[in-house]
Amino acid sequence: FKFIEERLAKLSAADAACVRLATFPVPPSYHRHGSRAIVLWLGSLPFVMEGLGCHPLQTAVAVMCTTFLLLGIDQIAIEVEQPLDVLPLHEFARGMSNDVHDVLEAWTTMPAVPRACDDYSDLGKESYLGSGRSSSARGSTAAVDKKER
């Protein structure tokens, strides 16, 4: 079993490394550099298309479509890198807080639940081993028997 433990230890170490990579924040300079490179590339695209002899209307449409797609992908990358920045967590937390407050408020206004010792009925107190009378009935009978003696 020692080889299994060794392999599990290696697997655990690999898992820990993957978790560190997945949770490590991406430095903002990486994103800024990538965004600047995209803007530079998109800025030079009309001049390249003009040099290829494309019609100005064709160049404008191609540049607008390419810009829309690349900047959209860049924005998606920002949201994937930092999902907690774009999620509406404050509204979610406020709603959860209000729900908890409502539940606690309703809980304090609920009528008191009877305790087991307040239940004077014989339901659920029958003895399946003895005479069929409940323990409270046996106890009260024993008390009556003592009084009579």
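Residues numbered from 1 in each chain as written. Predicted model: local features only at pLDDT ≥ 70, side-chain atom pairs only at ≥ 80, totals over all residues. Heavy atoms only, no water.

Asks: So what about the overall build of the protein? Which residues, and what values?
Replies: A tally of regular secondary structure across the protein gives six helices and zero strands. Put simply, the protein runs from its N terminus to its C terminus through helices and strands in the order α-α-α-α-α-α. At a minimum sequence separation of 6, the contacts of the protein that also span at least 24 residues come to 43%. Per element, the accessible surface of the protein, about 13100 Å² overall, is 67% carbon and sulfur. (Helix = DSSP H or I, 4+ residues; strand = E, 2+ residues; numbered from the N terminus. Contact = heavy atoms within 4.5 Å. Areas by Shrake-Rupley, 256 points an atom, 1.4 Å probe, with all protein chains shown as cover.)

Asks: Account for the side chain of Ser-35, with residues named and values stated.
Replies: By secondary structure assignment, the location of Ser-35 is in helix α2 (residues 28-51). Separated by 3.0 Å, the side chains of Ser-35 and Asp-74 make a polar contact. (Polar contact = N/O pair within 3.5 Å; in protein donor to acceptor, adjacent residues only side chain to side chain.)

Asks: Go over a nonpolar patch on the surface with me, naming the residues and quoting the values.
Replies: There is a patch of nonpolar side chains on the surface, built from Phe-1, Phe-3, Ile-4, Leu-8 and Leu-11 and spanning about 600 Å² of accessible area. By secondary structure assignment, the location of Phe-3 is in helix α1 (residues 2-23). (Patch = residues over 30% accessible without salt bridge, like charges linked within 9 Å, V, L, I, M, F, W, Y side chains within 5 Å. Salt bridge = Lys/Arg side-chain N within 4 Å of Asp/Glu carboxyl O.)

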